[in-house]
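Analysis of the macromolecular model
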Amino acid sequence: MKSIIKPLLLVLSSALFLTACGDTNEPKEGVQYEVLSTTLPTDSIAPVTEVFALSCGHCRNMENFLPVISQEAGTDIGKMHITFNQSAHVAAMFYYAAEMQTDGTPDHAFMEDLFAATQMGEGTTLTQQQQAYAKAFTSRGLTSPYDFNEQQRNTLIQKVDNAKMLSEQSGISSVPTFVVNGKYNVLIGGHDDPKKIAETIRYLLEK
């Protein structure tokens, strides 16, 4: 009897060991990320790009966690303003007007002013919103997009048109999210906290 039990215990122990070794915490497709139906050109977006909209309250909240995600993922994070509807298209013009004049991604304070101007809420007149947008630029010594010359307007239109093309190619309909290497879309709902998002981004960068 003992001669039977001993080999059986050995087999069970080996099975448990192999199961434990195979039980990884790697992000899973369909849970933490998905593959985009169309790969976006990597010369048009950063390796890790936050896709967002100034009109999105969740995107405004995500802005506070970007430094942690960037640090934990070990990479800079670019931005792409989605243009899946008319209001997002209009808001994109203000974001890219800021990007044009900051040689890259606007800093946190600038982004917060742009979010605030876009999300002023009910009861806000068009004039009040225009003044808030203009102040976000002029208070930093920058040119308000309302005062752009023809060349600046043309550059801005090109940037927004490019964002529109990438938005359509990506098929992304929910923000905020992150696109990694132009191929993977991080599913924010599949993560418990910013550090978990960073882990998925790091995994996809190496995939």
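Located above this text is the structure these notes cover.
Owing to the predicted nature of the structure, the values given are computational and were not obtained by experimental measurement.

Describing the overall build of the protein
On a plain count of helices and strands, the protein comes out with eight helices and five strands. What you see in the protein, going N to C, is helices and strands ordered as α-β-β-α-α-β-α-α-α-α-β-β-α. Evaluated residue by residue, the protein yields a buried proportion of 36% over its 207 residues. By sequence separation, contacts in the protein at least 24 residues apart represent 71% of the contacts at least 6 residues apart. Put simply, the protein shows about 11,800 Å² of open surface, and 52% of that area lies on carbon and sulfur atoms.

Digging into the sheet that holds strand 3 (residues 78-81)
Taken in spatial order, the five strands of this open sheet run 1-5-4-2-3, and their pairing is mixed. Looking at strand neighbours, the two that pair on one side only are strand 1 (33-35) and strand 3, the edges of this open sheet. Averaged over all adjacent pairs, the angle separating strand axes in this sheet is 30°, with direction ignored. Where helix 4 (residues 86-102) meets the sheet, it contacts strand 2 (48-52) and strand 3, and its direction lies at approximately 145° from that of strand 3.

Considering the side chain of Thr83
The residue Thr83 is located in the loop between strand 3 and helix 4 in this model. Overall, Thr83 belongs to the buried group, its relative accessible area being 9%. Sequence-distant contacts of Thr83, that is, excluding residues within four places in its chain, are made with Ala88, His89, Ala92, Ala163, Lys164 and Ser167.

Let's talk about the packing of helix 4 against helix 5 (residues 108-118)
One way to put it is that helix 4 packs onto helix 5 with a least axis distance of 11 Å and a crossing angle of 160°. On the basis of the axis angle, helix 4 is roughly antiparallel to helix 5. Viewed along their axes, helix 4 and helix 5 form a crossing whose handedness is right-handed. For the pair helix 4 and helix 5, contact is made by Ala91, Phe94, Tyr95, Ala98 and Thr102 and by Phe110, Met111, Leu114 and Thr118, respectively. Classifying every residue of the contact of helix 4 with helix 5 gives seven nonpolar, two polar and no charged.

Side note on the pairing of strand 2
Consecutive side chains along a regular strand alternate between the two faces of the sheet. Extensive coverage of strand 2 is indicated by the burial of five of its five residues. A two-sided burial pattern is seen for strand 2, the buried positions comprising Val48, Glu50 and Phe52 on one face and Thr49 and Val51 on the other. Pairing between strand 2 and strand 4 (residues 177-180): four bridges, direction antiparallel. By the bridge assignment, Val51 is partnered in strand 4 with Thr177. Relative to strand 3, strand 2 runs parallel, the two sharing four bridges. Across the sheet, Glu50 pairs through a bridge with Lys79, a residue of strand 3.

Observations concerning helix 8 (residues 194-206)
Here helix 8 is 13 residues long and its end C-alpha atoms lie 19 Å apart, about the 18 Å a rise of 1.5 Å per residue gives. Within the sequence span of helix 8, burial applies to Ile197, Ala198, Thr200, Ile201 and Leu204. Buried positions in helix 8, seen along its axis, are confined to an arc of 160° and lie on one side of it. Its side-chain oxygen 3.1 Å from the backbone nitrogen of Lys195, Asp193 forms the N-cap of helix 8.

Structural notes on unusual backbone geometry
Cis geometry marks the peptide bond from Val175 to Pro176, where omega comes out at 5°. With respect to the element layout, Pro176 can be found in the loop between helix 7 (150-170) and strand 4. Positive phi, normally seen in glycine, also occurs at Asp103, with a value near 55°. For Asp103, the position within the fold is in the loop between helix 4 and helix 5. At Asn181, a position not held by glycine, the phi torsion is positive, near 55°. Considering the arrangement of structural elements, one finds Asn181 in the loop between strand 4 and strand 5 (184-186). When its relative accessible area of 29% is taken as the criterion, Asn181 is described as partly exposed.

Rules of the game
- Residues numbered from 1 in each chain as written.
- Predicted model: local features only at pLDDT ≥ 70, side-chain atom pairs only at ≥ 80, totals over all residues.
- Heavy atoms only, no water.
- Helix = DSSP H or I, 4+ residues; strand = E, 2+ residues; numbered from the N terminus.
- Buried < 20%, exposed > 50% of the residue type's maximum accessible area, 1.4 Å probe, protein only.
- Contact = heavy atoms within 4.5 Å.
- Areas by Shrake-Rupley, 256 points an atom, 1.4 Å probe, with all protein chains shown as cover.
- Pairing = 2+ DSSP bridges.
- Axes fitted to C-alpha atoms, helices over the stretch in contact; angles between N-to-C directions.
- Parallel < 35°, antiparallel > 145°, perpendicular 65-115°, else oblique.
- Left-handed = near helix turned anticlockwise from the far one by under 90°.
- Nonpolar A, V, L, I, M, F, W, Y, C, P; charged D, E, K, R; others polar.
- Expected span 1.5 Å × (residues − 1).
- Arc of directions from axis to C-beta.
- Polar contact = N/O pair within 3.5 Å; in protein donor to acceptor, adjacent residues only side chain to side chain.

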